[in-house]
Amino acid sequence: QVQLVESGGGLVQAGGSLDLSCAASGSILRVYTMGWYRQAPGHERELVAQVIRGQLTHYQDSVKGRFTISVDNAMNIAYLQMTNLKPEDTALYYCNADIQSIDRESYQTYWGQGTQVTVSS
């Protein structure tokens, strides 16, 4: 069984910074992707940033230059550093990972429980 546990988030004023982290644990054989999605009220869940195969990074256009994703491949922890936050960044942020566990032959998608990020104007 694989679990994703998130930490971080909270309330910050516009222009401020917040950090999120996500630790994957369990019977992990290999990790294909780790990243973050977010969902604001009345909106669909959207990809924010992702690391593929531990190296290749991908960002949503609206966060480029403001958010930085990194992964500790040895510990299976993903970090999201968010700077110059805007009110439109307010959402529930979910950790996401595609992981192959030791008892499976293919990757499975896992989700964290979500952590709230609120940016006040």
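As shown above, the structure is provided for reference.
First, a word on what this report is: a plain description of the structure on this page.

Cut-off values and rules
Residues numbered from 1 in each chain as written. Predicted model: local features only at pLDDT ≥ 70, side-chain atom pairs only at ≥ 80, totals over all residues. Heavy atoms only, no water. Phe/Tyr/Trp six-rings, centres within 6.5 Å; stacked < 30°, edge-to-face > 60°. Helix = DSSP H or I, 4+ residues; strand = E, 2+ residues; numbered from the N terminus. Lys NZ or Arg CZ within 6 Å of the ring centre and 35° of its normal. Salt bridge = Lys/Arg side-chain N within 4 Å of Asp/Glu carboxyl O. Buried < 20%, exposed > 50% of the residue type's maximum accessible area, 1.4 Å probe, protein only. Polar contact = N/O pair within 3.5 Å; in protein donor to acceptor, adjacent residues only side chain to side chain. Contact = heavy atoms within 4.5 Å. Disulfide = S-S within 2.5 Å.

On to the packing of aromatic side chains. If you walk through the whole model with that rule in mind, you get three aromatic pairs. Aromatic pair Tyr 32 and Tyr 107: ring centres 5.5 Å apart, planes at 45°, arrangement tilted. Here the residue Tyr 32 occupies a position in strand S4 (residues 28-39), and Tyr 107 occupies one in the loop between strand S9 (91-101) and strand S10 (108-111), the gap between them amounting to 75 residues. Directly above the aromatic system of Tyr 94 lies the positively charged group of Arg 45, at a separation of 3.8 Å from the ring centroid.

Moving on, we get to the pattern of salt bridges. Taken as a whole and judged by the stated rule, the model has four salt bridges. Several salt bridges share partner residues, and in doing so they unite Arg 38, Glu 46, Arg 66 and Asp 89 into one network.

We now examine unusual backbone geometry. Phi at Arg 53 is positive, roughly 55°, even though this residue is not glycine. Of note, Arg 53 is situated in the loop between strand S5 (46-52) and strand S6 (56-59).

With that out of the way, let us pick up the side chain of Thr 115. The topology assignment puts Thr 115 in strand S11 (residues 115-120). Owing to a relative accessible area of 12%, Thr 115 belongs among the buried residues under this scheme. At 2.8 Å, the side chain of Thr 115 forms a polar contact with the backbone oxygen of Gly 8. Excluding anything up to four places from it in sequence, Thr 115 contacts Glu 6, Gly 8, Gly 9, Leu 20, Ala 91, Leu 92 and Tyr 93.

Using the criterion set out here, one finds one disulfide in the structure. Note that Cys 22 is cross-linked by a disulfide to Cys 95, the S-S spacing being 2.0 Å. Between Cys 22 and Cys 95, the S-S dihedral sits near -80°, and the bridge is therefore left-handed. Placement of Cys 22 in strand S3 (residues 18-26) and of Cys 95 in strand S9 is noted, with a sequence separation of 73 residues between them. By relative accessible area, Cys 22 is classed as buried at 0%.

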